[in-house]
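# Secondary and tertiary structure notes
Residue-level listing of the chains:
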Amino acid sequence: MPQVDTAHHQGFVQNPDFDREGTDARVAKHWSINPETECDDYAVIEAQGPDGEAGRMQIVRGRGRSAEYVWQRFDVREAENLVVRGMLKTVGDTTAQLRLFFEDAEGKLLKRAMSSHILSNTDWTSLELRTAVPTGTVRATLYAISFTSGGTGEAWWWNVDVFETTAADVSEAKEESIGDSTGHPTGHPVNRVLPTPKEVELGTGAFRLSRDTVLWASGHSRVRAIRAASQLQSELVERLGVPLDVGASLPGATRSAVILAFVDDLVALRDQLGIQLPDVPQHDEGYVVHVAEYVCVCAARTERGLFYATQTVIQMLPDEGELTIGGCTIRDWPALSQRCVHIFMDFLSLDHMRELVNHMIARLKFNTVVLECSMVRWRSHPEIWQPEAGTRAELRAVQQILADAYLDVVPLVQSLGHCAWLFYHGRNLDICEDDTVPYAYNPLAPRTYDVLFDIYQEVIDLLQPTAFHIGHDEVRMIGTFPKSNQGKAMGFSKLFVEDVNRLAEFLLQQGIRPWMWADVVLGEDLAAHIDRLSRDIVMVDWQYVPFRKYASTEFLKASGFDVLGATWWNPKNIQTFAEYVERAGAMGMLQTTWLGHFSSAKWTSEARQYEAHVHAAEHFWAGAGVSRGDYVERIAGAFVRNALPTRLDAATPDWGDRW
C-alpha cells in the first residue's frame, strides 16, 4: 500500500477513534448523525477491536429501507490529494461505504468521491478512498454511511481517518466483481459479443461477407425473418455500400449466404445444407448462430430471437478490413426474461435517440424501454407547454425506432410526486398540494384526475402500451404532503393508497398493467396498508447500492407483487441485484438513466450512466457464472463512445434538470 503523509492529520478529521462526547452519548465527539433520524440507530460502545485491543467504536444501525450515517465537516483548502481510511465490520442486512463531498465557499457541490462497498456480514476489514481535491474547494464533508435494503443491520466503525497524500497515490475506487468468469477465448470474434453467450463451440474455417453474399430466409415466414435482419442489412450497407441480395432460393455451395430460419424449418434446413445445426433453446428469445465457410445461419423461435441472432453477428464483424467471421456455433438465451432500460425522451436530438436505441439498447439485447415522457407538449394541456419540450410527433417517431428494434415501450408519466411539470407557468395550482413548492398534486382536489387522465389517455392513444409506469417515488421529498387539513385528517398512507389504486383502475380497465416505484410502499407507515394495493401492480424496487440479499424485493414478492429490481450506475450493484433477482425468480431488472430530457448534450460528462447499460445488459442476459464483469469494465467506455457518435454542445433550459 502506498505511504501517506500524516503530518496534516490534525487539520482534517477530529476524533477518528470515536471517543464519546459524554457518558450516554450515542454519537462520538465532533461527529454528527443523519438529521432525519428520529430513532435510536446510533451508539458508541466500549469494545474489542479487530486485533483484540480495547477501545470505542461507533455503531450505525439501519432498519427497513434506509441510509444512516455519521458525518464530519473539515477545512481542506490547503490540500491537493486526500486518502480516507476506515476499519469496520458489518452485521446483518447492511452495506457500508465512505463518501467525501467537496464544496466551494458558497456551498456549491464540486465533487462526490466514494469508496467501494463493504457488503453484509463482513468481518473486520479496511476500507479506503483516494481522491484529488477539486480546484476551488474550501471544505469537505466525510460520511461513514450504511444502507439497509429492507431488513436490519449494523456497521461497526472502529476508526475513520483522513490524510493528505501525493498525486501519484490517487486513483478513484473501483468495485470488485463477484464470481467473475472470463468466458470464451481471446482472439476469436465471439469474444467481442455482449452480452456473453451461454454456449459457444469454435469451428474451423471462416465465413466472408461480400457484395456477392446472399440473404436467404427459409420456410413460410420469409417476410418476418427478413424484417428481423433489417439492422444487419443497414450495417452492411455502411460497410459494403449495398445491402445483401435477398435470394429466392438457397444459393449453391460455393456462394456465401446468410440464412435466416425459424425453428419449424430447421429439420429441412439441416437436410438441405447437409450440416449439423444444434437445437434452438426453449426460451422464446433464445437463438442459434452457426458460422462455417460458406454459410452463416441464424435460427430462433421468434422474430425477436432472430433479431438477437443478427445482433450477435453484427458484433462479430471486424472493425475494418474484410468482413470475415471465424467458424463457431453459438446457443444463447437470457437469464432474465424482463430486461428493461429506463431513459428520458431526448428533446434535442432524434439522431441521439436512434443511436442510443439501435447501437446500444437493442445491440445489447434489452427487450423493454421505460420511456419517461411527462413533459411532452400534450395536446390536451397546452397551458403547461415548455417551448423546448418534445412534440407528440417526435414521441411517435421514437416509438417507431423502438418498435423497429423489437423493444416494448412502457411510458413513464410522473404522478403524485415529481410533478413540477404539471405546474409550469403557475398553472394548475388549484390541484397542487403545497403551492409554495409546486411538486405534488392534491389527490383530493376536484380537478386533479381530470387533468391527469387527459394526459394518461393521450399517452395511451399515441403509444398503445401494454404497461404504464405511474412513478410515485419520493412523494414527500419536497414541500409538505399532506398539507391540507382534509389530507392530514385522512393521513398520508390512506391518501397514497387510494391515489395508486385509482390510477391502477384507470389503466387496468383498458387492459394496461400499471408499474410503479416501490420506495414509498416500503416505508414503515405504509406497512399496515400494503394489503389494500392492487396486486396487478408491478413494483419496481430501486436500490442503488450493492447487497448480498435484497430484503425489499423478498418482502414485495412475499406480499404478492411481481417485482422488478432497478439499478443505476454502480456496476457491483448491477451485478449483485441481477444475480439475486435470478435466484429469487423475480420478474426481471430495470437499468435506470438519470440524464433528463437533454441527455444528448449532457451524457459525455456523465458517461458512467451509459456505461452502466453495458454492465446491466451483461448481467441481465448472461447471468451468474457466465457474465464477464471484468471484461465489461475494461471495454464499456469504448463501447459507448463508438455507439454514440452524435455529440451536441448545446445550452439547455433551467427546467431541464427538474423532473
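Scroll up for the structure.
Criteria and thresholds
- Residues numbered from 1 in each chain as written.
- Predicted model: local features only at pLDDT ≥ 70, side-chain atom pairs only at ≥ 80, totals over all residues.
- Heavy atoms only, no water.
- Helix = DSSP H or I, 4+ residues; strand = E, 2+ residues; numbered from the N terminus.
- Rg over C-alpha atoms; globule rule 2.2 N^0.38 Å.
- Buried < 20%, exposed > 50% of the residue type's maximum accessible area, 1.4 Å probe, protein only.
- Axes fitted to C-alpha atoms, helices over the stretch in contact; angles between N-to-C directions.
- Parallel < 35°, antiparallel > 145°, perpendicular 65-115°, else oblique.
- Left-handed = near helix turned anticlockwise from the far one by under 90°.
- Contact = heavy atoms within 4.5 Å.
- Nonpolar A, V, L, I, M, F, W, Y, C, P; charged D, E, K, R; others polar.
- Core = buried A, V, L, I, M, F, W, Y, C linked by side-chain atoms within 4.5 Å.
- Salt bridge = Lys/Arg side-chain N within 4 Å of Asp/Glu carboxyl O.
- Phe/Tyr/Trp six-rings, centres within 6.5 Å; stacked < 30°, edge-to-face > 60°.
- Lys NZ or Arg CZ within 6 Å of the ring centre and 35° of its normal.
- Pairing = 2+ DSSP bridges.
- Patch = residues over 30% accessible without salt bridge, like charges linked within 9 Å, V, L, I, M, F, W, Y side chains within 5 Å.
- Areas by Shrake-Rupley, 256 points an atom, 1.4 Å probe, with all protein chains shown as cover.
- Right-handed = clockwise from strand over helix to strand, strands pointing away.

## Here we look at the overall build of the protein chain
When its secondary structure is counted, the protein chain shows 14 helices and 23 strands. For 659 residues, the compact-globule estimate of 2.2 N^0.38 gives 26 Å, and the protein chain sits close to it at 27 Å. Reported as C-alpha extents along the three principal axes, the dimensions of the protein chain are approximately 90 × 65 × 45 Å. Put simply, the protein chain has 659 residues, and 58% of those count as buried.

## What about the packing of helix α5 (residues 350-361) against helix α14 (residues 629-643)?
Contact geometry of α5 with α14 gives a least axis separation of 9 Å together with a crossing angle of 135°. By the angle between their axes, α5 is oblique relative to α14. Every pair of crossing elements has a handedness; the one defined by α5 and α14 is right-handed. Between α5 and α14, the residues in contact are E355, H359 and M360 and F639, V640 and A643, respectively. Classifying every residue of the contact of α5 with α14 gives four nonpolar, one polar and one charged.

## Brief notes about the nonpolar core
What tends to happen in soluble globular proteins is that the nonpolar side chains get buried as a cluster. Ranked by size, the top nonpolar core spans 148 residues in total, and within it V289, Y456 and F496 carry the most contacts. Top contributing element to this core by residue count: helix α7 (residues 448-463), with ten residues. Setting aside residues up to four positions removed in sequence, V289 forms contacts with C296, V297, C298, A309, T312, V313, M316, C328, T329 and I330. Grouped together as the second largest cluster of nonpolar side chains are 33 residues, F18, W31, L142 and A155 included.

## Some thoughts on the pattern of salt bridges
With the rule as written, the count across this model stands at 29 salt bridges. The closest approach of N and O atoms between R63 and D41, which form a salt bridge, is 3.5 Å. Within this pair, whereas R63 is found in strand β3 (residues 54-75), its partner D41 is found in the loop between β1 (32-33) and β2 (42-48), the two being separated by 22 residues in sequence. With relative accessibility at 41%, the residue R63 sits in the partly exposed group.

## Points about the packing of aromatic side chains
Under the defined criterion, the tally for this structure stands at 30 aromatic pairs. Measuring from centroid to centroid gives 4.8 Å for F307 and Y406, while their planes differ by 35°, and the two rings are tilted. Of this pair, F307 sits in helix α4 (residues 303-316) while Y406 sits in the loop between α6 (392-404) and β18 (408-415), and the two are 99 residues apart along the sequence. Looking at F307, the relative accessible area reads 0%, which means it is buried. The rings of Y441, Y449, F453, Y456, F468 and F506 are connected pair by pair, giving a single aromatic cluster. The residue whose ring lies beneath R112 is F101, and the NZ or CZ to ring-centre distance is 5.5 Å. Over the ring of W385 we find R377; its NZ or CZ atom is 5.9 Å from the centre of that ring.

## A closer look at the sheet that holds strand β17 (residues 368-372)
Strand order in this closed barrel of eight strands is β16-β17-β18-β19-β20-β21-β22-β23, and the pairing throughout is parallel. Pairwise comparison of adjacent strand axes, ignoring direction, gives a mean angle of 25° for this sheet. Where α5 meets the sheet, its contacts fall on β16 (338-344) and β17, and the angle it forms with β16 comes to roughly 160°. Lying on the sheet, helix α9 (residues 492-508) is in contact with β18, β19 (467-471) and β20 (513-517); it crosses β20 at an angle near 150°.

## As for the sheet that holds strand β13 (residues 287-291)
A sheet is described by the order of its strands in space; here seven strands give the open sequence β9-β15-β13-β14-β12-β10-β11, paired in mixed fashion. One side of each edge strand has no neighbouring strand; the edge strands of this open sheet are β9 (199-209) and β11 (245-246). When β13 meets strand β14 (residues 295-300), the two strands line up antiparallel, connected through five bridges. Directly across from V289, in β14, lies its bridge partner C298. Helix α3 (residues 266-273) contacts β10 (214-217), β12 (257-262) and β14 of the sheet and is inclined by roughly 150° relative to β12.

## Overview of a nonpolar patch on the surface
Taken together, the side chains of V437, M477 and I478 make up a nonpolar region of the molecular surface, amounting to roughly 220 Å² of accessible area. Residue position: M477 is located in the loop between β19 and α8 (485-490). With relative accessibility at 46%, the residue M477 sits in the partly exposed group.

## Focus: the pairing of β16
With seven of its seven residues buried, β16 lies for the most part within the structure. Burial along β16 is two-sided: the residues Q338, C340, H342 and F344 and R339, V341 and I343 are all buried. Where β16 lies against strand β23 (residues 588-591), four bridges are found, and the strand directions are parallel. Its bridge partner lying in β23, R339 is registered against M589. The sheet contact formed by β16 and β17 spans five bridges and is parallel. Directly across from I343, in β17, lies its bridge partner L371. A crossover links β16 with its parallel partner β17, the connecting element being α5, and its sense is right-handed.

## Focus: the pairing of β13
Across the five residues of β13, five count as buried, placing the element largely inside the fold. Residues Y287, V289 and V291 point to one face of β13 and V288 and H290 to the other, with burial holding for every one of them. Counting the residues that bridge the hairpin from β13 to β14 gives three residues. Inspection of the sheet shows β13 paired to strand β15 (residues 323-332) by five bridges, in the antiparallel sense. Directly across from Y287, in β15, lies its bridge partner D332.

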